[in-house]
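If you want the building blocks of each chain, they are given just below.
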Amino acid sequence: MVSGTGGMEVGSIDIHTAPARFGAVGGDISMHTGSAHEATSGTIALQTGVGDQAGSVTIGVGNSLGESAGRISIVGGTSVHSTGFGGGVDIVSGSGAMG
């Protein structure tokens, strides 16, 4: 999916499910790559573009009107190979002249 033609202002792309009616469950949004046998499966990259002021990436869970709010899980992959290593999880801050 691509939005706009690269002019002065490029449009947004919104992906969302419709609101649920009272008592109904809201829809899910899933993204995944296909599996690969004896090869590398695909990668999912979520990144903003370069600019005079780069955009942000926000991952959040909606507020709960009930007892429990949702959680965010970031999980590295599991290797089933006899000498394999599990996938890591890295969270790294950016750098700049002032810190």
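Enquirer: When you look at the overall build of the protein chain in this model, what are you seeing that I'm missing?
Expert: For the protein chain, the helix and strand inventory stands at 0 helices and 0 strands. For the protein chain, the C-alpha radius of gyration of 19 Å lies well beyond 13 Å, the compact-globule estimate for 99 residues. Across the 99 residues in the protein chain, those meeting the buried criterion constitute 1%. Summarising the internal contacts of the protein chain: among those between residues at least 6 apart in sequence, 0% fall at separations of at least 24. Accessible surface for the protein chain amounts to roughly 10,000 Å². Of this, 52% is attributable to carbon and sulfur atoms.

Enquirer: Sorry if this is basic, but what is going on with unusual backbone geometry here?
Expert: Leave glycine aside and you will find that most residues have negative phi; peptide bonds, for their part, are mostly trans. Of note, the phi angle at Glu-38 is positive, near 60°, even though the residue is not glycine. Since its relative accessible area comes to 76%, Glu-38 is described here as exposed.

Thresholds applied
- Residues numbered from 1 in each chain as written.
- Predicted model: local features only at pLDDT ≥ 70, side-chain atom pairs only at ≥ 80, totals over all residues.
- Heavy atoms only, no water.
- Helix = DSSP H or I, 4+ residues; strand = E, 2+ residues; numbered from the N terminus.
- Rg over C-alpha atoms; globule rule 2.2 N^0.38 Å.
- Buried < 20%, exposed > 50% of the residue type's maximum accessible area, 1.4 Å probe, protein only.
- Contact = heavy atoms within 4.5 Å.
- Areas by Shrake-Rupley, 256 points an atom, 1.4 Å probe, with all protein chains shown as cover.

Note that all results are geometric; they support no functional claim without further evidence.
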